[in-house]
Amino acid sequence: MMEKVTKSQIKLVKSLQLKKNRDELGLFVAEGAKCVEELRKSFELVHLYREGENASRTDIEQMSGLKTPQGIVGVFRKRPMEEVGWMMDDLVIALDGIQDPGNLGTIIRTCDWFGVHDIVCSKDTADCYNPKVVQATMGALCRVRIHYVDLAEWLAKQECPIIGTLLEGENMYESRLPKTGIIVMGNEGNGISQEVRKLITHPVRIPSYPNEKASDVIESLNVSIATAIVLAEFRR
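As a starting point, this report considers the structure included with it. On a predicted model such as this, the values are computed, not experimentally measured, just so you know.

Side note on the environment of Val116
Structurally, Val116 is set in the loop between helix 5 (101–113) and strand 5 (118–122). With relative accessibility at 1%, the residue Val116 sits in the buried group. It is 9.0 Å that separates the C-alpha atoms of Val116 and Arg143, two residues lying 27 residues apart in sequence. Those residues in contact with Val116 that sit more than four places away from it in its chain are Leu91, Val92, Ile93, Cys111, Val144, Leu231 and Arg235.

Next comes the structure, spelled out in structure tokens:
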């Protein structure tokens, strides 16, 4: 039988809602049976709390960051950040200032679906171990590696196509897309930063329907939806 949760453990789990504590302790939280079981395949499980076994409903509610707690809370050890080790025959997603945790989590899950194994993030992109991000990935963190870099500096060193979603870009469905390269997705409100924009070799846009040249579709589409559309077209 699992050891009953203590007040200090509840306090520890609650503290992991903050990035500074996750960084200091090297831990993060996941909730729900599916998410916890998926993450156990690749991450070290440090603590596991189940309602009715070693934690009460009140305990779970105190630890949970969800409006409707799912009855299972897992505390995992973060993996050390790796060098970006992508192969030149792969696609990579680069995220420039994606700040909404739900968007980042959905993008990670989408990359997992489309077989993209590396996401390179600017340092002002949301933390991939934020509980809301972890929840939205539904375990995809096991299969997708997340890297945080000075994005402009990193992109400047790459010798491959750098594709950017820009309003002035070519219609994605009418242009010859490279088979491999780095696809840059920009901030929810401001798009791709000027510093990164200068490094883009293949500007593309997702046309609206009906296709209008003055379309604001990139700005109006949610960035996680835009990422899914772009990846679907590249994989096609």
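Once you've had a look at it, read on.
Some details on the nonpolar core
In this structure, Leu39, Leu95, Ile108, Ile119 and Ile183 are the most contacted members of the largest nonpolar core, which totals 41 residues. Take this core: its biggest share by element is five residues, from helix 10 (residues 223–235). Among the nonpolar cores identified, the runner-up in size contains 16 residues, and Val149, Leu155, Leu166 and Ile200 belong to it.

Structural notes on helix 5
Think of an α-helix as turning once every 3.6 residues; residues three or four places apart then point the same way. Given a rise of 1.5 Å per residue, 13 residues ought to cover 18 Å, and the 19 Å separating the end C-alpha atoms of helix 5 matches this to within 8%. Every buried residue of helix 5 is listed here: Pro101, Asn103, Leu104, Gly105, Ile107, Ile108, Thr110 and Cys111. Its buried side turned inward, helix 5 meets strand 4 (91–96), strand 5, helix 6 (131–137), strand 6 (145–149) and helix 10. Capping the start of helix 5 is the job of one residue whose side-chain oxygen sits 3.0 Å from the backbone nitrogen of Gly102: Asp100. In the segment just after helix 5, Gly115 is the residue with positive phi, at about 70°.

Side note on the pattern of salt bridges
This structure, assessed with the given rule, holds 15 salt bridges. Across the pair Asp59 and Lys4 runs a salt bridge, and its minimum N-O distance is 3.8 Å. Note that Asp59 is positioned in helix 4 (residues 57–63) and Lys4 in the segment before helix 1 (7–15), a separation of 55 residues in sequence. For Arg143, the salt bridge identified is with Asp112, shortest N-O distance 2.9 Å. Here Arg143, found in the loop between helix 6 and strand 6, pairs with Asp112, found in helix 5; they are 31 residues apart in sequence, far enough to count as distant. Asp112 gets classed as partly exposed once you look at its relative accessible area, which sits at 23%. Among the charged side chains, a network of salt bridges with common partners joins Glu38, Lys41, Asp112 and Arg143.

Rules used throughout
- Residues numbered from 1 in each chain as written.
- Predicted model: local features only at pLDDT ≥ 70, side-chain atom pairs only at ≥ 80, totals over all residues.
- Heavy atoms only, no water.
- Helix = DSSP H or I, 4+ residues; strand = E, 2+ residues; numbered from the N terminus.
- Buried < 20%, exposed > 50% of the residue type's maximum accessible area, 1.4 Å probe, protein only.
- Contact = heavy atoms within 4.5 Å.
- Core = buried A, V, L, I, M, F, W, Y, C linked by side-chain atoms within 4.5 Å.
- Expected span 1.5 Å × (residues − 1).
- Polar contact = N/O pair within 3.5 Å; in protein donor to acceptor, adjacent residues only side chain to side chain.
- Salt bridge = Lys/Arg side-chain N within 4 Å of Asp/Glu carboxyl O.

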